[in-house]
Amino acid sequence: MDYLILALGVAFVPIALAYGLLLKPKRAEAALRRSAFHLREAQQVANLGSWELDLVQGRLEWSDQVFRIFEIDPERFEASYEAFLALVHPDDRERVDAAYRRSIADRGSYEIVHRLLMPDGRVKHVRERCQTFYSEDGRPLRSVGTVWDVTSFHETEEKLHRLAAIVESTGDTVIVSDLQGRIRTWNKGAERMWGYAAEEIIGQPVTVLPPLAKQGEPGQILRRVIDEHEVVRFESRGLHKDGRDFPISLTVSPLFDAENRLTGVSAIIRDITEMERLKATLQERLKLVEMVFQYSVSCLVVLDPQFNFIRVNPAYARACRRDVAEFEGRNHFELYPSDARFIFEEVVRTRRPFEAVARPFTFPDQPERGVTYWDWNLVPVLDGKGEVEYLLFSLVDVTDRQKATAQLRLIETAFQHTRDAVLITDARARILRVNPAFETITGYSAGEVVGRTPRMLQSGRHDGAFYRRFWRALETEGHWSGEIWNRHRDGHIFPAWQSVSAVKGPDGSTTHYVSIFTDISEFKRAEAQIRYLSYHDDLTGLPNRAYFQARLDQLIEAAARDRKQIALVVLDLDRFKTINDSLGHSVGDELLCQVAERIQDCTGQGDFVARQGGDEFVVILADSDAVRAARVANAMISAIAKPAVAGGRTLIVTPSLGISLYPHDAGDSESLIKSADAAMYHAKSLGRNTYQFFSAEMSAVATERLALENALHQALSNGEFRLYYQPQIEVCSRRLIGLEALIRWRHPEVGWVPPLRFIPLAEETGIIHRIGRWVLEEACRQQREWQAAGLCIVPVAVNLSPLQLQKDDFPEQVEALLSGCRLAPGLLELELTETAVMRDVGRMSDMLRKLKERGTRFSIDDFGTGYSSLGYLNRFPVDKLKIDQSFIRDVTRREDHAAITRAIIALAKQLHLKVVAEGVETAEQLEFLERAGCDGAQGFYFSRPVPADEIAGWLSREGAVQDRR
């Protein structure tokens, strides 16, 4: 800017000298040449050229500096206005021409900034000023102007990202004073800057321009210029006519006449108020940039063109796990070698920035961090010559984002390929996305459901209360799962197992809902089949023992409420075993079916007939007294005694019946059954083919039971219990995979007491807790003993009573027992019957999960004989299902048994559970199980339950088993 001021000052000198030259014409030419030389030098220094266009002759004259600015060889330039316009940037050409022609028409000067398009594609920015002179009759004669190359200022403005705008000059003050310091010239710029008109100020001393504090400064500068003949540049303060002072920059030069005599002093003065403001603003912004650099969470690095560290910010040092000082004097690629070097070299070569997204990098000095990922930008900072001076390297660690992206891709893959239907809604339950499985299961395409709500799937089978519970669970717990009926696009409804979760935002509000469901129609059909088979006798179609027990409880409850009586009849066929043994099971089965039909024919509406098993039937006579019970009993005896044809033979069979009455003989189902059983056995003792009511004379049975209970209390302390073990065999390999521990009681007087006789009594009296603990301890002790002997031990399954799980500390007992024996939790398997599991679903589920967390394994024993549902079964941490031997016994002879077994195995596979079949006694049964995909088997085909010392042989054989086929 100072160069410009100096050039303008020197350019003004000839005007001042012209007056002196007129007085001395002989020396004018020399003075003019000297002034022209100074003018050329000043123009070159200030990068400011001058031009003159003769409008009469159309001749254009440029100063040397204009040619340098336009980068044109004067010898090859066709000096014309049109040639000048051709050099103007095409986008500015029309504007420049219009401004010039308007100035001529308006007889005024003009100033314009425009671009020049260089031959090599570069663009320069110039500032032009022009004044046109006219004849007396108003014709334009010539235009005189200046061209100032302002490219460097424009480039600086771009580099600083427009942090400040260069203040456009409103006109500089250009004045000349005599040697006494009196003002002789005063231009328009001075008038605007100081507020004085020329007539007010010319002749006044220059001391009127500074404020009072600077009054001595003009005299000092004047003497210095006069005495030393040098150009003085400095900054000071000016005083406006209205009394305000303002900052100024001055260039004061000596003026000489043609004889090189000092005639005066010129001064170019610029108001630098805006410059001072910009300077302060720039300093403030530089402070801000420095704060951003220091406190930015992004990693920032400044490198030289050889990639040496100039500066790094603390964020980069933290990311590298170093101190900022450690980077001083280090080279980036010596410290962190990578194949990215060629990218850096290309940026330096092309001077173009480069951006990388999620670029992998492994710190050579920190291999434990593994592969990290970075987004980074490399921006070249150019110097005035267009060369790379610095490289600004900014990085952001996106390793977590990359991992999250990979996880999202995995989730998206699962979303697209899972067999379960998935739908995602917004907080207002509008569907946003569904997966292909949704389209398959519901029949709706994604385009048909997006934007709608899941109400379109409502089946109409659920009432408002159901949906209120549904939304209450989502609002309070954030999750709901359960069975629900949905409607297919074609109109049919289907059952689904559905899980819905609320997705929460950072503020805890719900942003989305995610629902996952699967069509369980096949499961429901299998469940219904299993439930039917579980509640009904597969031979006769009558309700089975489980169904009977539940129905009896219901009828007793109703009778108690309505103050009515119930008669329970227990019917057992006399000497039926002889028929089975002599004529075969098929004949016996055919006969049982006929007996079942005859019993049903003898009962009325509201009565209930069930088969207990074998040749035993039970009949519940609702709202019946002893008279009706006797009448029905006589009818059944007569009907059953009639000849029956089975297996081509005519057979006669008789029944023995026992009758107990509620509430006369018992107040609960268990006691009522025991009373009827006692009466039935009494009928048999009287010669069979008759019925007996329960009476006090049968108290002997109760006496015997009391004696057994007392003996049971002593059995544990007397060491009368033993554990026998039955092998469990892997079906596909015939290898030993486990053992089931079975308790046996040898009474010192009675001999062996069957478990079915003393286990229910133990549970009823509470002794089961002590017995159950002994079984667990003995099984673990025996495992430890086998292990110490070097045998290949396998998991041992122990039957649990549901009463044992009522103890809150039972998981801790098991954990302490395993720890004391130094046994892995996986070597102990706990068995529970299906019925026992369903007694208290909530408590049982919690207890089993606590045990599961400690590594204990679980199996459901006698599966298929209870009344569990798939929904409840899925809530328990079960590892294995054991198919009850009642299904296996006739699996090769009856297709319905085979169908049940296959259904249970298929169900277990769907639930990722192992399956073991109980009661395998023949090679044919084993082959069937192998074809059906059963995992394991146990039964007399392999071994009866045997003492521990006999099991040692199995363990020493490393599980090898000979196929007995």
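Residues numbered from 1 in each chain as written. Predicted model: local features only at pLDDT ≥ 70, side-chain atom pairs only at ≥ 80, totals over all residues. Heavy atoms only, no water.

Thoughts on the overall build of the protein chain
Selection criterion: The helix count covers DSSP runs of H or I at least four residues long, the strand count covers runs of E at least two residues long, and both are numbered beginning at the N terminus. Contacts are residue-level and defined by heavy atoms, with any inter-residue pair within 4.5 Å sufficient. Calculation of accessible area relied on Shrake-Rupley with a 1.4 Å probe; when residues are assessed, cover is drawn exclusively from the protein chains displayed.
Tallying secondary structure elements over the protein chain gives 34 helices and 36 strands in all. Here the contacts in the protein chain between residues at least 6 apart in sequence split such that 55% fall between residues at least 24 apart. In the structure as shown, the protein chain presents an accessible area of about 49800 Å², 52% of it carried by carbon and sulfur atoms.

A word on the side chain of aspartate 257
Where we set the bar: Between N or O atoms, a polar contact is any pair within 3.5 Å; within protein, one atom must be a potential hydrogen donor and the other a potential acceptor, and residues adjacent in sequence are included only when both atoms are from side chains.
Its place among the elements puts aspartate 257 in the loop between strand S9 (245-256) and strand S10 (262-271). For aspartate 257, the side chain forms a polar contact with the main-chain nitrogen of glutamate 259, separated by 3.0 Å.

Remarks on the packing of aromatic side chains
The description of an aromatic ring pair uses the distance of the two centres, along with the angle that the planes make with each other. Formally: Planes of paired rings set the category: under 30 degrees apart is stacked, over 60 is edge-to-face and the rest tilted, where pairs are Phe, Tyr or Trp rings (Trp by its six-membered ring) whose centres lie within 6.5 Å. Any residue under 20% of the maximum accessible area for its type is buried, any over 50% is exposed, and the rest in between are partly exposed; the area is computed with a 1.4 Å probe on protein chains only.
Going through the model one piece at a time under the given rule, you end up with 39 aromatic pairs. Ring centres 5.6 Å apart and planes at 85° place the aromatic pair phenylalanine 307 and phenylalanine 333 in the edge-to-face group. Pair noted here: phenylalanine 307 is in the loop between strand S11 (299-303) and strand S12 (309-312) and phenylalanine 333 is in helix H12 (residues 332-335), with a separation of 26 residues, a long-range link. The exposure classification of phenylalanine 307 matches that of phenylalanine 333, with both residues buried. Relative to phenylalanine 393, the ring of phenylalanine 344 lies with its centre 5.1 Å away and its plane at 80°, an arrangement referred to as edge-to-face.

A word on the sheet that holds strand S4 (residues 123-134)
Just so we agree on the cut-off: Strands are labelled as partners when DSSP assigns at least two bridges between them. Convention adopted: a line fitted to C-alpha atoms gives each axis, helices being fitted over their contacting stretch, and angles between N-to-C directions are expressed from 0 to 180 degrees.
A sheet is described by the order of its strands in space; here five strands give the open sequence S2-S1-S5-S4-S3, paired in antiparallel fashion. In this open sheet, the two strands that pair with only one neighbour each are strand S2 (59-62) and strand S3 (110-117). Sheet twist, expressed as the average angle between the axes of neighbouring strands with direction ignored, equals 25°. Examined bridge by bridge, strand S1 (residues 48-54) and strand S5 (residues 140-149) share seven bridges and lie antiparallel to one another. Across the sheet, residue aspartate 54 finds its bridge partner in S5, namely arginine 142. Contacting S1, S3, S4 and S5, helix H5 (residues 90-106) crosses the sheet at an angle of about 155° to S3.

Details of the pattern of salt bridges
Oppositely charged side chains can pair when the atoms bearing their charge come close. Quick reminder of the rule: A pairing counts as a salt bridge when a side-chain nitrogen of Lys or Arg comes within 4 Å of a carboxyl oxygen of Asp or Glu.
Summed over all chains, the structure comprises 60 salt bridges. Put simply, aspartate 120 and arginine 122 hold a salt bridge, and the shortest N to O gap is 2.7 Å. By relative accessible area, arginine 122 is classed as partly exposed at 38%. For glutamate 483, the salt bridge identified is with lysine 524, shortest N-O distance 2.8 Å. Taken together, the residues span a long stretch of sequence, with glutamate 483 in strand S18 (residues 479-487) and lysine 524 in helix H18 (residues 521-535) at a distance of 41 residues.

Focus on unusual backbone geometry
In terms of backbone geometry, most residues other than glycine have negative phi values and most peptide bonds are trans. Tyrosine 662 connects to proline 663 through a cis peptide bond whose omega is 5°. Relative to the elements of secondary structure, proline 663 occurs in the loop between strand S26 (655-662) and helix H23 (669-685). For arginine 107, which is not glycine, the phi dihedral falls at a positive 55°. Mapped onto the secondary structure, arginine 107 falls in the loop between H5 and S3. Using a relative accessible area of 48% as the deciding quantity, one classes arginine 107 as partly exposed. You will see that arginine 321, though not glycine, has its phi angle at about 60°, which is positive. If you trace the backbone, arginine 321 turns up in the loop between helix H11 (314-320) and H12.

Brief notes about H5
Note the threshold: Here the expected length of a helix is defined as 1.5 Å per residue gap, with one fewer gap than residues.
The first and last C-alpha atoms of H5 sit 25 Å apart over 17 residues, in line with the 24 Å expected at 1.5 Å per residue. Positive backbone phi, approximately 55°, marks arginine 107, located one or two places after H5.

Quick look at the sheet that holds strand S6 (residues 173-177)
Taken together, five strands build an open sheet; the order of strands is S7-S6-S10-S9-S8 and the sheet is antiparallel. This sheet does not close on itself; its edge strands, each paired only once, are strand S7 (183-186) and strand S8 (232-239). On average, adjacent strands in this sheet sit at an angle of 30° to one another, irrespective of strand direction. Taken strand by strand, helix H9 (residues 217-228) contacts S6, S8, S9 and S10, and its axis lies near 155° from that of S8.

Looking at the packing of helix H20 (residues 576-583) against helix H21 (residues 585-601)
Put simply, the rule reads: By the definition adopted for this analysis, an angle is roughly parallel if under 35 degrees, roughly antiparallel if over 145, roughly perpendicular if from 65 to 115, and oblique otherwise. Put simply, Ala, Val, Leu, Ile, Met, Phe, Trp, Tyr, Cys and Pro go in the nonpolar bin, Asp, Glu, Lys and Arg in the charged bin, and everything else, Gly too, in the polar bin.
Put simply, H20 and H21 touch, their axes get as near as 6 Å, and they point 140° apart. Accordingly, the angle class assigned to the pair H20 and H21 is oblique. Along the contact surface, H20 presents Phe576, Ile579, Asn580 and Leu583, while H21 presents His585, Val587, Gly588, Leu591 and Leu592. Grouping the amino acids of the contact of H20 with H21 by side-chain chemistry returns six nonpolar, three polar and no charged.

Some thoughts on the confidence of the model for the protein chain
Any residue range with low pLDDT should be treated as having predicted coordinates unsuitable for detailed reading. Let me state the cut-off plainly: Confidence scores labelled pLDDT are given residue by residue by the predictor and lie between 0 and 100.
When pLDDT is averaged along the protein chain, the result is 85, and 90% of the positions lie at 70 or above. Per-residue pLDDT stays below 50 along residues 1-26; that stretch engages in 53 contacts with residues further than four places along the chain or on separate chains. Low pLDDT (under 50) marks residues 160-170, which in the prediction has 18 contacts with non-local residues, meaning those over four places away or in another chain.

Regarding a nonpolar patch on the surface
Our working rule: Only residues whose relative accessible area exceeds 30% and that form no salt bridge are eligible for patches; like-charged ones are grouped when within 9 Å, while nonpolar side chains (Val, Leu, Ile, Met, Phe, Trp, Tyr) are grouped when within 5 Å.
Judged by side-chain polarity, Ile310, Val379, Val381, Tyr390 and Leu392 come together as a nonpolar surface patch covering roughly 370 Å² of accessible area. Among the secondary structure elements, those contributing two or more residues to the nonpolar patch are strand S14 (372-382) and strand S15 (388-397). On the secondary structure map, valine 379 appears in strand S14. Residue class for valine 379 comes out partly exposed when judged on its relative accessible area of 36%.

Description of the pairing of S8
In terms of strand pairing, S8 meets S9 through eight bridges, oriented antiparallel. If you follow valine 232 over to S9, its bridge partner there is valine 252. Adjacent in sequence and paired antiparallel, S8 and S9 are bridged by five residues, among which glycine 243 carries a positive phi angle near 100°.

Things to note about the pairing of strand S19 (residues 493-504)
Walk down a regular strand and you will see the side chains alternate between the two sheet faces. Examined bridge by bridge, S18 and S19 share nine bridges and lie antiparallel to one another. Of the residues in S19, the one forming a bridge with glycine 482 is glutamine 498. Examined bridge by bridge, S19 and strand S20 (residues 510-519) share nine bridges and lie antiparallel to one another. Of the residues in S20, the one forming a bridge with valine 500 is serine 515. Once S19 ends, the chain turns through five residues before running back antiparallel as S20, passing glycine 508 with a positive phi of about 90°.

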